[in-house]
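Structure at a glance
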Amino acid sequence: MSDEAMLGDEIVSRINQLGMISETPQHLARIFLSPEHRTAADLILSWMRDAGMEAHLDAIGNVCGRYEGDRPGLPCLMLGSHYDTVRDAGKWDGPLGVITAIACVADLNRRGVRLPFAIEIVGFADEEGVRFASTLLGSRAVAGTFDASVLDARDRDGLTMREAMLQFGLDPGRIGAAARTRRELHAYVELHIEQGPVLEQQKIPIGVVTAIAGATRLAANLSGMAGHAGTVPMPLRRDALAGAAECIVAVEQFCKAGGAGLVGTVGVINASPGATNVIPGRVSFTLDIRAPTDPHRKRAIAEIVQQIEAIAKRRELSLQIDVTHENRTVPCAPWLKAQVAEAVAAEGYGVFELPSGAGHDGMAMIDIADVAMLFVRCRGGISHNPAEHVETADADASARVLLRLIENFRPE
């Protein structure tokens, strides 16, 4: 491979350039269908063209580049990630995958290498879902699963997605033109920062992802009896908050003991009436349960709900619990994961496998292609935060692994 030492430097330089494109200079925010989206898209398209790719903006605002194989019109290996951000974001979440893929194609182009398949790179315009509270919009459009009802969703200024697309210069009636078909793709591979602390703890720069964990979110409501904090004796209380506290600890203990990759989080809790001298009569709290396989997650939820029901019954609290969101697990295809692992080993790194607890564009792309992911170590496991950081050496290592994967890729 040529210019080996240069890949990491070039990637970091471009991460920094893209990181300057923001709604405000103080806090990085690059939101779907904004002026910053347009500026970033133009910059990425220019990088794609410099790397020897044909490049265009598709019908939903994704940036798409194509590097032909040894003859035109071949099915592609698709590489991608997203280039939108959350608000007050870090620079690496999403763009690292897009920029690294472009650097790999540029290297092939410099050496005049053409492969028995095409390479396509897609920078998805909206993965985070910040503006219209609906995630994976870019990749769902490519997978042909875009839900047209989202066009009527409104942003915080009251603008619908339909109106925002028109302002941006896109036709909401043409989103279907972004869709690709299974026969056009050999596979979809995404490189992404880990967004967690495991690789750092293992002292390795790159991980092989086994699956993107499915997630279930629930809303629980406990009702007891509000009462005076001074006059109701402890044995006679039906304290909804004390009951919720016991439920939350039960969730934590169950998930700690519940096997590899199972995680549970209570992220929101509200108690009412909410006065210092009143026993809480009603409490609501959320639950987010994730696991590397759907059966594991579903078993865990059934047992957690059973425990919460038992606590409520013992404490004479009434319980209402509802599922508010459910995403299936997306397993990485064994044949493709094996090739990722080969590339990692061939570059001299230990092969370490781990699930992704966070959602990614592969969750949409699985509908039209087998998927695989590589994780890159990030400092402190910090993400969705300005302190998000990847060392240049790790960016370089991940680029070399991705390049090796591309050059040795064997379609199934």
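Calculation rules
Residues numbered from 1 in each chain as written. Predicted model: local features only at pLDDT ≥ 70, side-chain atom pairs only at ≥ 80, totals over all residues. Heavy atoms only, no water. Helix = DSSP H or I, 4+ residues; strand = E, 2+ residues; numbered from the N terminus. Rg over C-alpha atoms; globule rule 2.2 N^0.38 Å. Buried < 20%, exposed > 50% of the residue type's maximum accessible area, 1.4 Å probe, protein only. Lys, Arg positive; Asp, Glu negative; His and termini not counted. Charge placed at Lys NZ, Arg CZ, Asp CG, Glu CD. Polar contact = N/O pair within 3.5 Å; in protein donor to acceptor, adjacent residues only side chain to side chain. Contact = heavy atoms within 4.5 Å. Expected span 1.5 Å × (residues − 1). Arc of directions from axis to C-beta. UniProt positions renumbered as here; feature names shortened; annotations may be inferred. Domains from an automatic or database assignment. Buried area = accessible area lost by both parts, 1.4 Å probe. Salt bridge = Lys/Arg side-chain N within 4 Å of Asp/Glu carboxyl O. Pairing = 2+ DSSP bridges. Right-handed = clockwise from strand over helix to strand, strands pointing away.

An unreviewed UniProt entry annotates the protein chain as Allantoate amidohydrolase originating from Bradyrhizobium retamae.

**Some points on the overall build of the protein chain**
Helix and strand counts for the protein chain come out as 11 helices and 16 strands. Since a compact globule built from 412 residues should have a radius of gyration of about 22 Å, the 24 Å found for the protein chain is in line with a globular shape. Here the protein chain holds 412 residues, and the buried ones make up 53% of them. One way to put it: in the protein chain the 40 positive side-chain charges average out to a point 4 Å from where the 52 negative ones average out.

**Observations regarding the side chain of His37**
Mapped onto the elements of the fold, His37 is located in helix H2 (residues 35–50). Overall, the relative accessible area of 3% leaves His37 in the buried class. Among the polar contacts made by the side chain of His37, one reaches the side chain of Tyr83 at a distance of 2.9 Å. Not counting the four nearest positions on each side in its chain, His37 is found in contact with Arg30, Ile31, Phe32, Gly61, Tyr83, Ala125 and Phe168.

**Thoughts on the side chain of Arg290**
Topologically, Arg290 is positioned in strand S12 (residues 282–291). Judged by relative accessible area, which is 18%, Arg290 ranks as buried. A distance of 2.9 Å separates a polar atom in the side chain of Arg290 from a polar atom in the side chain of Asp288. If near-sequence neighbours (up to four positions away) are discounted, Arg290 is found in contact with Ala213, Gly214, Ala215, Arg217, Gly261, Leu262, Val263, Arg297, Gly357, Ala358 and Gly359.

**Regarding helix H7 (residues 240–257)**
Its 18 residues give H7 an end-to-end C-alpha distance of 26 Å, which sits within 8% of 26 Å, the value for a rise of 1.5 Å per residue. Every buried residue belonging to H7 is among Ala240, Gly243, Ala244, Cys247, Ala250, Val251, Phe254 and Cys255, and all of these are buried. For H7, the buried positions fall inside an angular range of 120° around the axis, keeping them on one side. When the buried face of H7 is taken as reference, the exposed residues oriented beyond 90 degrees from it are Gln253, Lys256 and Ala257. Those residues of H7 that are buried lie in contact with strand S7 (214–223), strand S9 (263–265), strand S10 (269–272), S12 and helix H8 (294–314). N-capping of H7 is provided by Asp239, with a side-chain oxygen placed 2.9 Å from the backbone N of Leu241. Looking one or two places after H7, you find Gly259, whose phi comes out positive at around 100°.

**Focus on the UniProt feature "domain: Peptidase M20 dimerisation" (unreviewed entry) in the protein chain**
Here the UniProt-annotated "domain: Peptidase M20 dimerisation" (unreviewed entry) positions come out as residues 222–314. Annotated as residues 222–314, this span is 42% helix and 25% strand, and its ends, taken at the C-alpha atoms, are 13 Å apart.

**A closer look at the domain arrangement of the protein chain**
When its domains are assigned, the protein chain resolves into domain 1 (7–212 + 329–408) and domain 2 (214–327). Computed over C-alpha atoms only, the centres of domain 1 and domain 2 are separated by 37 Å. Each side of the interface is counted separately: domain 1 has eight residues, and domain 2 has eight residues. The junction of domain 1 with domain 2 conceals about 530 Å² of combined surface from both sides, 46% of it contributed by carbon and sulfur atoms. Applying the counting criterion to the domain 1 and domain 2 interface returns zero salt bridges.

**Focus on the UniProt feature "binding site: Zn(2+) 2" (unreviewed entry) in the protein chain**
Taking the numbering used here, the UniProt-annotated feature "binding site: Zn(2+) 2" (unreviewed entry) corresponds to Asp93, Glu128 and His384. Maximum C-alpha separation among the annotated residues is 10.3 Å over a sequence range of 292 residues, consistent with a single clustered spot. Mapped onto the elements, Asp93 comes out in the loop between strand S3 (76–82) and helix H3 (95–110). Asp93 sits in the buried class, given a relative accessible area of 6%. Apart from residues lying up to four places away in sequence, Asp93 is in contact with His82, Asp84, Glu128, His192, Ile193, Gln195, Ser383, His384 and Glu388.

**Description of the pairing of S3**
Strand residues, when the strand is regular, have side chains that alternate between the two faces of the sheet. For S3, the buried fraction is high: seven of the seven residues fall into the buried class. Side-chain alternation along S3 places Cys76, Met78, Gly80 and His82 on one buried face and Leu77, Leu79 and Ser81 on a second face that is also buried. In this sheet, strand S4 (residues 118–124) lies alongside S3 in parallel orientation, the contact comprising seven bridges. The partner of Leu77 across the bridge, within S4, is Ile119. Of the crossover connections in this fold, the one passing from S3 over H3 to the parallel S4 is right-handed. Where S3 meets strand S5 (residues 185–193), four bridges bridge the pair, whose relative direction is parallel. For Leu77, the partnering residue across the bridge sits in S5 and is Ala187.

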